[in-house]
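Listed below are the residues making up each chain.
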Amino acid sequence: MTAENIDRSTGHELDSEVGQAQSSRLHGDMGVGELVMSVLAFSAPLTTVAGFIPVLLSFSGSTAPAIYLAVTGLLIAFSIGFTAMGRVVLNPGGFYSFVTAGLGRPAGLGGAFLATFGYMVIGLFAPPFFAITIQRFITDTLNGPHIAWYWFALGIITVTTSLAYRRIDLSAKVLTLVMLLEVVVVIAFDVFAFAHGGPAGGGGAGFTLPRVTDSNVGLAVLFVVGNFLGFEATVIYRDEVRDPKKTIPRATYLAVAGIGVFYAIAAWAYLAFFGAASAQADAGADTAGLFNSAISELFGKTVVDVVTILLITSTLACMLSIQNVSARYLFSLGGDRVLPEVLGKVHPKHGSPSVAASTVGFVWAMSVVLFAVGGMAPEPLYAKASGAGTFAILLLMFAASIAVLAYFARGQSSIAIAPWKTILAPAVSVAGLGGVAWLAFANYSDLLGEDGPIATILLGVTFGLFVVGLVLGDILRRTKPEVYERIGRQGL
């Protein structure tokens, strides 16, 4: 690569063939650690350990740690093909670019719509969850006044939008600080649970391997995969990291392996504390309070209050991470002129997708207002938002797996890459994620916590968006060929 093909200020590759102006690119200076923390924030580690793992234990029991490790193996297979694709498709559009390269522009457009919808809907879980958590903390712990949930929800949207509006480095620093605090709390829980847990006759700290015939194993796998969503965002930040050729693959593998091992150990720590034989019953009896009861017994009530504060900041960090990803998909669609071009505007000072980030915040705020005016309670909102968004992203990951396999099977790569990275690993990923996507479809009502018309509508919207992308892509091919050629960030 010649010196002319390198941006000396960022170290990013420049495509001399298209000569895209640097004013249309985002800017940042994230390293591996900051990128990993930004991805980890998406899964909200403390919220997952305190809120999700007890739910998983209630129907999977002592098989929970092994399920985490099995899913980690599947997603590492996905990451192998994913990072290989990232070596040859240098466009900063994430799955939008990858699906376009492997399956064509109409499918890529459908994937971009799925991504935008999925991430924005997932992000809607955070405002009501944040509101409930801080509302209870103020009234129950601080004996403060009762404040309507939607004011807290609008407040957190304002904070995250202000951060997402600015240069990514600021968000990365905030996320890194919050993640480090969360990780410390979870590690402390793990260490003390293994050291002081294990009630007599409770089965000790052992765990068992799941069996395919287990009635709940499919649902357990589905929920666990949801904890990993967001790691694929590493490629979205391509223009905002130092030395993307090295930073992105390293961050991807570290994020997948780190998330899997981190949560597997945390699930095992629960088994150690409550006993492998009784953890499932204890989780079923007190799912919401399982973590706090363990923390209270291990460290005292004061630490429980500290954990509650960190749960609040964990939700903020998770929401900020989701908003950053959502904004970059909108930015890509705006930059390609599929959506209004203003969405692809780069802030002249911050080098951020400021308009796209503000748009995400506006949509979230209007949604909260509509929920509040409609008199909807916040509790069921975050379950529906998380479930609907998770399903959309699972479909997108499945499509991306097929795209990677198709791209390399056609021999399109100009770089020699080992077949086990381009064919074998993607094939494993297609089979595995295809199975998970089917489980998500078959258990959609459980994923959503809703089996009425709302579930049917959301399911129709999810599949409908991909179809809209296919149809719109064909229309653009015939009516606006210059826009069609740009689909998938081809103009960069």
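Please read all numbers here as calculations on a predicted model, not as lab measurements. (Residues numbered from 1 in each chain as written. Predicted model: local features only at pLDDT ≥ 70, side-chain atom pairs only at ≥ 80, totals over all residues. Heavy atoms only, no water.)

1. Some details on the nonpolar core
Nonpolar side chains in soluble globular proteins generally cluster together in the buried interior. Counting residues in each nonpolar core, the largest one holds 164 residues, and the members touching the most others are Ile-53 and Tyr-68. Among the elements that make up this core, the one with the highest residue count is helix H13 (residues 301-335) (16 residues). If sequence neighbours within four positions are ignored, Tyr-68 has contacts with Thr-48, Phe-52, Ile-53, Leu-56, Val-224, Asn-227, Phe-228, Gly-260, Tyr-263, Ala-264 and Ala-267. (Core = buried A, V, L, I, M, F, W, Y, C linked by side-chain atoms within 4.5 Å. Buried < 20%, exposed > 50% of the residue type's maximum accessible area, 1.4 Å probe, protein only. Helix = DSSP H or I, 4+ residues; strand = E, 2+ residues; numbered from the N terminus. Contact = heavy atoms within 4.5 Å.)

2. A short note on the confidence of the model for the chain
Overall, the predicted model of the chain reaches an average pLDDT of 86, with 92% of residues at or above 70. The weakest mean pLDDT in the chain belongs to helix H9 (residues 217-226) at 82; the strongest belongs to helix H14 (residues 354-373) at 94. Low pLDDT, under 50, characterises residues 1-22; the predicted model gives this stretch 37 contacts beyond four residues in sequence or across chains. (pLDDT = per-residue confidence, 0-100.)

3. Points about the environment of Lys-480
Secondary-structure assignment places Lys-480 in the loop between helix H18 (453-479) and helix H19 (481-484). With 142 residues separating them in the primary sequence, Lys-480 and Val-338 have C-alpha atoms 9.9 Å apart.

4. A closer look at the packing of aromatic side chains
Counted according to the given criterion, the structure contains 27 aromatic pairs. Look at Phe-78 and Phe-95: their rings are 6.1 Å apart centre to centre, the planes differ by 85 degrees, and that puts the pair in the edge-to-face class. Note that Phe-78 is positioned in helix H3 (residues 64-88) and Phe-95 in helix H4 (residues 95-103), a separation of 17 residues in sequence. Since its relative accessible area comes to 4%, Phe-78 is described here as buried. For Phe-95, a relative accessible area of 1% corresponds to the buried category. (Phe/Tyr/Trp six-rings, centres within 6.5 Å; stacked < 30°, edge-to-face > 60°.)

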